[in-house]
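Next come the chains, spelled out residue by residue.
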Amino acid sequence: MTETLLATAVRPSAFKAGLEEAFRLCRQQGLRLSQQRKLVLEILWRSGDHLSARDIFEQLNADGRRIGHTSVYQNLESLHSHGVIECLEKATGRLYGHRADPHSHITCLASGTIQDLDIQLPAELLEQIEASTGYKIESYRLHLQGRPR
Ligand SMILES: [Zn+2]
């Protein structure tokens, strides 16, 4: 059960398919697929983690790529505004994730790491919420916090 919920480690096959899908989404959104943009997407997909612009900038530099911090940041912002990647607003700054579809997160209160989760709430619970709020729920994201047991 837990296995189907956790999507942190991106399997190699899922990594390649996901990256291709992200490229396709860029083209569909009219975003130019520059080499820099491809590299940024590749790092996000490879790590499967939520990274800051600085994390990505440092990784690119470690890989010997000369891309300025501002350029990395601008690429991330435009990928996010075109719905290709996600952006989480944290007290410490913005974190970017490879997934753009609605999903939930669990934050580790000990280490600060954030994991992606696919959680489906029971239909009865959603109906209850709809009845009490008067809204038709179209999507939801849960933000859970916890410590290692
Ligand atoms: Zn995420």
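Not measured: the values here are computed from a predicted model.

Reading guide: rules and limits
- Each chain has its residues counted from 1, following the order in which its sequence is written.
- Owing to the predicted nature of the model, reporting of local features is limited to residues with pLDDT of at least 70; listing and counting of side-chain atom pairs is limited to 80 or more, with chain, interface and lining totals taken over all residues.
- For the purposes of this description, domain bounds are those given by an automatic or database domain assignment.
- One nonpolar core equals one set of buried Ala, Val, Leu, Ile, Met, Phe, Trp, Tyr and Cys residues connected by C-beta atoms within 7 Å.
- Once C-beta atoms are placed from the backbone, each residue is buried if 20 or more other C-beta atoms lie within 10 Å of its own, exposed if 12 or fewer, and partly exposed for counts between those two.
- In DSSP terms, a helix is any run of H or I states spanning at least four residues, a strand is any run of E spanning at least two, and both are numbered starting from the N terminus.
- A pair of strands is labelled paired if DSSP reports no fewer than 2 bridges between them.
- Arc definition: directions from the helix axis to the C-beta atoms.
- Angles run from 0 to 180 degrees between N-to-C directions of axes, and those axes are lines fitted to C-alpha atoms, restricted for helices to the stretch in contact.
- Note on angle classes: values under 35 degrees are labelled roughly parallel, values over 145 roughly antiparallel, values of 65 to 115 roughly perpendicular, and the remainder oblique.
- This entry defines residue contacts through backbone-placed C-beta atoms, with two residues in contact when those atoms are within 7 Å.
- Residue classes follow a fixed rule: Ala, Val, Leu, Ile, Met, Phe, Trp, Tyr, Cys and Pro count as nonpolar, while Asp, Glu, Lys and Arg count as charged, and any other residue, Gly among them, counts as polar.

Asks: Kindly report on the domain arrangement of the protein, identifying the contributing residues and their values.
Replies: Entries for the protein in the domain assignment read domain 1 (2–97) and domain 2 (104–146). Of note, the centres of domain 1 and domain 2, computed from C-alpha atoms alone, are 23 Å apart.

Asks: Mind laying out the nonpolar core, listing which residues take part and the relevant values?
Replies: If you look at the biggest cluster of nonpolar residues, it comprises 18 residues, and the most contacted ones within it are Val40, Leu41, Leu44, Ile56, Val72 and Leu76. Elements with a minimum of two residues in this core: helix H2 (12–28), helix H3 (35–47), helix H4 (53–62) and helix H5 (69–81). For this core, the element with the highest residue contribution is H3, accounting for 5 residues.

Asks: Break down the pairing of strand E4 (residues 114–117) for me, with residues and values.
Replies: Sheet topology places strand E3 (residues 104–108) next to E4; 4 bridges connect them, and they run antiparallel. Bridge assignment links Ser104 to a residue of E4, and that residue is Leu117.

Asks: How would you sum up H4? Please name residues and give values.
Replies: Those residues of H4 that sit buried are Ala53, Ile56, Phe57 and Leu60. Projected down its long axis, H4 carries its buried residues within an arc of 100°, all on one side. Projecting away from the buried face of H4 at angles above 90 degrees are the exposed residues Arg54 and Ala62. Gly64 lies just past H4 and shows a positive phi near 80°.

Asks: Requested: an account of the sheet that holds E3, with residues and values cited.
Replies: Taken together, the 3 strands give an open sheet; going across it, the order is E4-E3-E5, and neighbouring strands pair in mixed fashion. In this open sheet, the two strands that pair with only one neighbour each are E4 and strand E5 (143–146). Taken over all neighbouring pairs, the strand axes of this sheet differ in orientation by 25° on average, direction set aside. Direction of pairing for E3 relative to E5: parallel, over a ladder of 4 bridges.

Asks: Now, about the packing of H3 against H5: what can you tell me, with residues and values included?
Replies: Where H3 meets H5, the axes come as close as 10 Å, and the angle between the chain directions of the two elements is 75°. Relative to H5, H3 is oriented roughly perpendicular. Touching Gln36, Arg37, Val40 and Leu41 of H3 are Ser71, Val72, Asn75, Leu76 and Leu79, all from H5. Class assignment for the residues of the contact of H3 with H5 results in 5 nonpolar, 3 polar and 1 charged.

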